[in-house]
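# Per-entry structural report
Read off the chains here:
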Amino acid sequence: MASTFSSATVTHRYNPANLCNTFLKKSLIPTNSLLRFNSRTLSPQISVIKTVSFKIHCISSKNSSQESFPETNGTSFVSYFSIFSQFGNKRLESAIAVLLIFIQISSPLPFNNLELDESFISPAKAVLYSPDTKVPRTGELALRKAIPANPNMKAIQDSLEEISYLLRIPQRKPYGTMEGNVKKALMIAKDEKESIFNSMPTDLKDKGSVLYTSLIEGKGGLQSLLNSIKDKDPDRVSVGLANSLDTIAELELLQAPGLSFLLPGQYLKYPRLAGRGTVEFTIEKGDGSTFSQAAGAEPKDQATIQVVIDGYSAPLTAGNFAKLVLDGAYDGVKLNTVNQAILSANEEKSNGYSVPLELMPSGQFEPLYKTKLSIQDGELPVLPLSVYGAVAMAHSDISEEDSSPFQFFFYLYDKRNAGLGGLSFDEGQFSVFGYTTVGRDVLPQIKTGDIIRSAKLVEGQDRLILPNEN
């Protein structure tokens, strides 16, 4: 980008609208640095001592004369900078050069070979560079998002999920926005009641009616949540929000009695889970030590962990795992702790199936097979690995396009060791099929040599379809 300096003018030979718009509106210079923006004029300003003013004129590459820009509410696209310094006119050129270098360092805008348009940062990179990437950070949230429910229920859920992010804002929380979100959810729930119930099987509508009434008028329902927001009580809002979201998840599960897609024919030879299941592990200390319990409870040499496995997003992986649990294949298996994971020992003589790598990208309606996700290109899984207590299958010894027939691991996500956007470096590389929902406090106490004393499928056996049951 060619630049011409004069005593009081910096002239950039570039497309004027693109340059000025992008430079003024997209520059990510910290507002607490020496350079700050005037909120009324969008003019960057620096405060030190004296004032010398100069202009940046954007000039077309076809015409070196100064372009005149359309004004909006009396504010021109020509930006006026105020530089406060003790420099004289003879040193102004050096001051300007220093200022531009400072902007280049403070801003991620690549000035060299930059195509300045409104979309020069792709959505994928925006996800990676954002510290607030909205990937589910708890197993419960990830499991809620994975339910293939009625679009109206999803709209209600999304409206409420946003409140959980708004609650993280310190100091002055946006209660007005939260109130609007709950009112929107209430309006959808009432206006689309018929559609919500039409998505449920007939034999489940009575249960759905009870849940629906609880969602609207119950103690932990939307109306109660709205009152808590009006009272500006963040603790009550948090509790009420959790209750409402739990009820919504129960309603959504009634709307999703099975898979919402057809599996490829070649994969019908594998066990598959057409919905949700719950596996309960009993973990025993291998060295005779004990697990720490809740305050006041006596330490024990055994602890319980529950994992919800999700066949909606990973039917083959969850199905194979559920069958292994039913067969007792994990009873007595030793555990090994490795970097950020608790890995089961590999049993070469297991009766498991080497199912293909199975990942459902967010926004898609069916899983991809034998294909890792490209996080750099914005592909994020419905069941992310970047959650403490995520459960996934290890890779096959033969190919990373397949999962191990038997070996699984608990992932101990740690944001301190994560990549951009708080995502695990292994995100999109393994078949995640569930999350630890009970006993997360037990996971960090597990050491190499501890044993899975038993693993039981306590819920979901009726949704497990074995290969000879087509």
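Further up the page is the structure itself.
Overview of the structure. All of these numbers come straight from a predicted model, not from anything done at the bench.

### Looking at the overall build of the chain
On a plain count of helices and strands, the chain comes out with eleven helices and 18 strands. Expressed as a percentage of its 470 residues, the buried residues of the chain come to 46%. Put simply, 72% of the contacts in the chain that link residues at least 6 apart link residues at least 24 apart. Entry remark: accessible area of the chain is about 24000 Å², with carbon and sulfur atoms responsible for 50%.

### A look at the packing of aromatic side chains
Within this structure, the stated rule accounts for 14 aromatic pairs. Taking 5.2 Å as the distance between ring centres and 75° as the angle between the ring planes, the aromatic pair formed by Phe 321 and Phe 408 counts as edge-to-face. Of the two residues, Phe 321 is situated in helix H11 (residues 315-326) and Phe 408 in strand E15 (residues 403-411); the sequence distance between them amounts to 87 residues. Looking at Phe 321, the relative accessible area reads 0%, which means it is buried. For Phe 408, a relative accessible area of 0% corresponds to the buried category. Aromatic side chains Phe 409 and Phe 430 sit 5.3 Å apart centroid to centroid with 85° between the ring planes, which places their arrangement in the edge-to-face category. Of this pair, Phe 409 sits in strand E15 while Phe 430 is found in the loop between E15 and strand E16 (431-438), placing the two residues 21 residues apart along the sequence. What makes Phe 409 buried here is its relative accessible area of 6%. Residue class for Phe 430 comes out buried when judged on its relative accessible area of 17%. Members of the aromatic cluster, joined through ring pairs, are Phe 281, Phe 321, Tyr 330, Phe 406, Phe 408, Phe 410 and Phe 433.

### So, the nonpolar core
With 33 residues, the main nonpolar core has Phe 281, Ile 309 and Phe 321 as its most contacted residues. Mapped onto this core, the elements with two or more residues apiece are strand E8 (276-284), strand E9 (302-310), H11, strand E10 (333-338), strand E14 (390-395), E15 and strand E17 (451-459). In terms of residue count, the dominant contributor to this core is H11 (five residues). Those residues in contact with Phe 321 that sit more than four places away from it in its chain are Val 279, Phe 281, Ile 309, Tyr 330, Met 393, Phe 408 and Phe 433.

### Brief notes about the packing of helix H5 (residues 151-166) against helix H6 (residues 175-191)
One can describe the packing of H5 onto H6 by two numbers: an axis separation of 9 Å at closest approach and a directional angle of 165°. Between H5 and H6, the crossing angle belongs to the class labelled roughly antiparallel. As H5 packs across H6, the resulting crossing turns out to be left-handed. For the pair formed by H5 and H6, the contact residues are Asn 152, Ala 155, Ile 156, Ser 159, Leu 160, Glu 162, Ile 163 and Leu 166 on the first element and Thr 177, Met 178, Asn 181, Val 182, Lys 184, Ala 185, Ile 188 and Ala 189 on the second. Classifying every residue of the contact of H5 with H6 by side-chain character gives ten nonpolar, four polar and two charged.

### Section: empty space enclosed by the protein
The probe, sized like a water molecule, is rolled over the atoms to show the empty space still left. Applying the stated criterion across every chain, the model contains one cavity of 30 Å³ or more. Of the voids in this model, the largest cavity is the one considered here, and its volume is about 40 Å³. What lines the largest cavity is simply Ser 313, Glu 358, Leu 359, Met 360, Pro 381, Val 382, Leu 383 and Val 432. A class-by-class count of the residues in the lining of the largest cavity yields six nonpolar, one polar and one charged.

### So, the pairing of E9
Two strands pair when backbone bridges link them, and E8 and E9 are joined in this way by nine bridges, in the antiparallel orientation. Bridge pairing in E9 links Arg 276 to Asp 310. Judged from the four bridges that link them, E9 and E16 form a sheet pairing that is antiparallel. Residue pairing across strands places Val 308 opposite Tyr 435, the latter belonging to E16.

### Focus: unusual backbone geometry
Even without a glycine there, the phi angle at Gln 171 is positive, about 60°. With respect to the helices and strands, Gln 171 occurs in the loop between H5 and H6. Owing to a relative accessible area of 79%, Gln 171 belongs among the exposed residues under this scheme. Phi angles above zero are rare outside glycine, and Lys 370 is one such case at about 60°. With respect to the helices and strands, the residue Lys 370 is situated in the loop between strand E13 (368-369) and E14. Its relative accessible area of 35% is what places Lys 370 among the partly exposed residues.

### Some thoughts on the pairing of E17
Strand direction decides the pairing type here: E8 and E17, joined by seven bridges, are antiparallel. What sits directly across from Thr 282, in E17, is Ser 454. In this structure, E10 lies alongside E17, joined through two bridges in antiparallel fashion. Within E17, the residue paired with Lys 334 across the bridge is Ile 451.

Rules behind the numbers
Residues numbered from 1 in each chain as written. Predicted model: local features only at pLDDT ≥ 70, side-chain atom pairs only at ≥ 80, totals over all residues. Heavy atoms only, no water. Helix = DSSP H or I, 4+ residues; strand = E, 2+ residues; numbered from the N terminus. Buried < 20%, exposed > 50% of the residue type's maximum accessible area, 1.4 Å probe, protein only. Contact = heavy atoms within 4.5 Å. Areas by Shrake-Rupley, 256 points an atom, 1.4 Å probe, with all protein chains shown as cover. Phe/Tyr/Trp six-rings, centres within 6.5 Å; stacked < 30°, edge-to-face > 60°. Core = buried A, V, L, I, M, F, W, Y, C linked by side-chain atoms within 4.5 Å. Axes fitted to C-alpha atoms, helices over the stretch in contact; angles between N-to-C directions. Parallel < 35°, antiparallel > 145°, perpendicular 65-115°, else oblique. Left-handed = near helix turned anticlockwise from the far one by under 90°. Nonpolar A, V, L, I, M, F, W, Y, C, P; charged D, E, K, R; others polar. 1 Å grid on protein atoms, 1.4 Å probe; cavity = no way out; pocket = protein on both sides within 12 Å on 5 of 7 lines; lining within 4 Å. Points joined across faces, edges and corners; volume = space filled by probe spheres on them. Pairing = 2+ DSSP bridges.

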